[in-house]
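# Structural features, examined
Here are the chains, one letter per residue:
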Amino acid sequence: GNENRPVAPFVVSGAKTQGITPGFSMRDARGGLYFVKTDPLSNPEMGTAADVIGSKFFYALGYNTPENYILNLQRGDITIAENARIESAGRERHMNAKDLQLILDNVPRRKDGTYRLLASLALKGEPIGPFRYEGTRADDPNDTVPHDVRRDLRGLYVFSAWLNHTDSKAGNTLDVVVEEKGVRFV
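Just so it is clear, the model here is predicted, and its values are computed rather than measured. (Residues numbered from 1 in each chain as written. Predicted model: local features only at pLDDT ≥ 70, side-chain atom pairs only at ≥ 80, totals over all residues. Heavy atoms only, no water.)

## Some remarks on the sheet that holds strand β8 (residues 126-129)
Read across the open sheet, the 3 strands follow the order β8-β9-β10; overall the sheet is antiparallel. Each edge of the sheet is formed by a strand with only one pairing partner; in this case those strands are β8 and β10 (183-185). For this sheet the average axis-to-axis angle between neighbouring strands, irrespective of direction, equals 25 degrees. (Pairing = 2+ DSSP bridges. Helix = DSSP H or I, 4+ residues; strand = E, 2+ residues; numbered from the N terminus. Axes fitted to C-alpha atoms, helices over the stretch in contact; angles between N-to-C directions.)

As structure tokens, then:
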């Protein structure tokens, strides 16, 4: 659904400069928290498109995925929160307008001058760490079947191969605890 599509204006709450592409977190006009990734200048639309399309495929196959949206952002649509922090060269400090501009200077621009970004809606719930592909979670009483023999994970290997998703590692996953009708579960 598009009910969670990010709506301008946006306020950056933090950023990182490590990794293949820089990224930042922001809140939209409705208060939704999004994690933003960019494409490398050398490959416009490559990563953002793959992320959105891949997440839709995996969602259609029955897996839990984040809501990912392509966002065409104008520079005037975004500001920096007073308490925004940036991690750069292994250190964290206050983020400023120059930091944001350095990130945006390395984002491919469309013909209309907008920046093309991937905005991933933050998952609801309490993050408890990455998903493990072996064993079970000791902190989850419902997790009784060892992951390495679960049918849904054997299928995940097939679907990942089919979609050429070569980065299905624990570091790219997140387990969260959610609550429904007073019952908490992972």
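Past the structure itself, the notes keep going.
## A short note on the pattern of salt bridges
Opposite charge on two side chains makes pairing possible when the charged atoms of those side chains draw close. Summed over the entire model, instances satisfying the criterion amount to 12 salt bridges. Here D39 makes a salt bridge to R116, at a shortest N to O gap of 3.9 Å. One end of the pair, D39, is in the loop between β3 (33-38) and α1 (46-60); the other, R116, is in strand β7 (residues 115-121), with 77 residues separating them in the sequence. Since its relative accessible area comes to 11%, R116 is described here as buried. A salt bridge links D99 to R93, with the nearest nitrogen and oxygen atoms 2.7 Å apart. (Salt bridge = Lys/Arg side-chain N within 4 Å of Asp/Glu carboxyl O. Buried < 20%, exposed > 50% of the residue type's maximum accessible area, 1.4 Å probe, protein only.)

## Thoughts on the side chain of R137
As for its placement among the helices and strands, R137 is situated in the loop between β8 and α3 (151-162). By relative accessible area, R137 is classed as buried at 3%. If near-sequence neighbours (up to four positions away) are discounted, R137 is found in contact with I128, G129, P130, R132, D143, H147, D175 and V186. (Contact = heavy atoms within 4.5 Å.)

## Considering the environment of N164
Following the sequence through the fold, N164 ends up in the loop between α3 and β9 (175-180). Note: C-alpha distance between N164 and G54 (110 residues apart in sequence) is 9.6 Å.

## Quick word on a nonpolar patch on the surface
A cluster of nonpolar residues, I53, F57, L61 and W162, forms a patch on the protein surface that exposes about 410 Å² of accessible area. Along the chain, I53 turns up in helix α1. (Patch = residues over 30% accessible without salt bridge, like charges linked within 9 Å, V, L, I, M, F, W, Y side chains within 5 Å. Areas by Shrake-Rupley, 256 points an atom, 1.4 Å probe, with all protein chains shown as cover.)

## A word on the nonpolar core
Membership of the largest hydrophobic core comes to 23 residues, with the highest contact counts inside it found for F24, M26, I78, M95, L100 and L117. For this core, the secondary structure elements donating two or more residues are β1 (10-16), β2 (23-27), β3, β4 (68-73), β5 (78-88), α2 (97-104) and β7. Those residues within four positions of L117 in sequence are excluded, and the remaining contacts are F24, V36, K37, T38, T48, Y69, I70, L71, L73 and V107. If you look at the next biggest cluster of nonpolar residues, it comprises 6 residues, including F131, Y133, L153 and L156. (Core = buried A, V, L, I, M, F, W, Y, C linked by side-chain atoms within 4.5 Å.)

## Digging into the sheet that holds β5
Strand pairing in a sheet relies on backbone hydrogen bonds, with the paired strands running either antiparallel or parallel. If you trace the 7 strands from one edge of the open sheet to the other, you get β4-β7-β3-β2-β1-β5-β6, paired in mixed fashion. At either margin of the open sheet sits one strand with a lone partner, and together these are β4 and β6 (91-94). Looking at each pair of strands side by side, their axes are set apart by 25 degrees on average, direction ignored. Summarising the sheet, β3 and β7 pair through 5 bridges and their orientation is antiparallel. Bridge assignment links K37 to a residue of β7, and that residue is L118. Across the sheet, α1 touches β3, β4 and β7, and the angle it forms with β4 is around 150 degrees. Across the sheet, α2 lies against β1, β2, β5, β6 and β7, angled at about 80 degrees from β5, the strand it touches most.

## Regarding the environment of R132
Checked against the element boundaries, R132 lands in the loop between β8 and α3. Sequence-wise, R132 and G171 are 39 residues apart; in three dimensions their C-alpha atoms are separated by 9.3 Å. Those residues in contact with R132 that sit more than four places away from it in its chain are R137 and H147.

## Some details on the packing of aromatic side chains
With the rule as written, the count across this model stands at 4 aromatic pairs. Taken together, a centroid distance of 5.3 Å and an interplanar angle of 85 degrees make the contact between F131 and Y133 edge-to-face. Of the aromatic side chains, those joined through ring pairs into one cluster are F58, Y63 and F159. Its end group placed over the ring of Y69, K56 keeps NZ or CZ at 5.8 Å from the ring centre. (Phe/Tyr/Trp six-rings, centres within 6.5 Å; stacked < 30°, edge-to-face > 60°. Lys NZ or Arg CZ within 6 Å of the ring centre and 35° of its normal.)

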